[in-house]
Amino acid sequence: AIDRLADGVRVLVAHMLERAEAEMQWPMPGYTHLQRAMVTSTGQWWAAYAEGFIDDLQVLADARALVNA
């Protein structure tokens, strides 16, 4: 089950990174502490969320190692 979940996350990350590349030049306002900050892009937004899921893949790998111990 962990492997199936990780495979799904990999597909999601690949899709998010494709969107990040395609939307690299689409500007959007950045926010910090609920206030407007420097301009960013929707591509950067997609890439940031993809990075979080990439971190989750490591957590899943660690969980799999514990389950298989």
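For the structure itself, consult the block above.
Reading the values: the criteria
- Residues numbered from 1 in each chain as written.
- Predicted model: local features only at pLDDT ≥ 70, side-chain atom pairs only at ≥ 80, totals over all residues.
- Heavy atoms only, no water.
- Helix = DSSP H or I, 4+ residues; strand = E, 2+ residues; numbered from the N terminus.
- Rg over C-alpha atoms; globule rule 2.2 N^0.38 Å.
- Buried < 20%, exposed > 50% of the residue type's maximum accessible area, 1.4 Å probe, protein only.
- Contact = heavy atoms within 4.5 Å.
- Lys, Arg positive; Asp, Glu negative; His and termini not counted.
- Charge placed at Lys NZ, Arg CZ, Asp CG, Glu CD.
- Core = buried A, V, L, I, M, F, W, Y, C linked by side-chain atoms within 4.5 Å.

Enquirer: Looking at this structure, how should I read the overall build of the chain?
Expert: Secondary structure assignment for the chain yields 2 helices and 2 strands. When the helices and strands of the chain are listed from N to C terminus, the series reads α-β-β-α. Compactness check: the chain gives a C-alpha radius of gyration of 15 Å against a globular reference of 11 Å for 69 residues, more than 25% above the reference. Its C-alpha atoms put the chain at 45 × 25 × 10 Å along the principal axes. When each of the 69 residues of the chain is scored for burial, the buried share is 20%. Put simply, of all contacts in the chain between residues at least 6 apart along the chain, 49% involve residues at least 24 apart. Charged side chains of the chain number 5 positive and 9 negative; the gap between the two group centres comes to 5 Å.

Enquirer: What am I meant to see in the nonpolar core here?
Expert: The nonpolar side chains of a soluble globular protein tend to be buried, and buried together. Among the nonpolar cores identified, the biggest contains 9 residues, and these are A6, V9, V13, M16, A20, W46, A50, L57 and L60. Secondary structure elements with two or more residues in this core: helix 1 (2–22) and helix 2 (42–67). The element best represented in this core is helix 1, accounting for 5 residues. With residues up to four places along the chain from it excluded, the contact list for A20 reads G43, W46 and A47.

Enquirer: Just checking my understanding: could you explain unusual backbone geometry for this structure?
Expert: For residues besides glycine, phi is generally negative; the peptide bonds are generally trans as well. Its identity as a non-glycine residue notwithstanding, H33 has a phi of 50°, on the positive side. Exposure remark for H33: the relative accessible area of 73% places this residue in the exposed category. Backbone geometry at L34 places phi at a positive 65°, although glycine is not the residue there. Judged by its relative accessible area of 85%, L34 falls in the exposed class.

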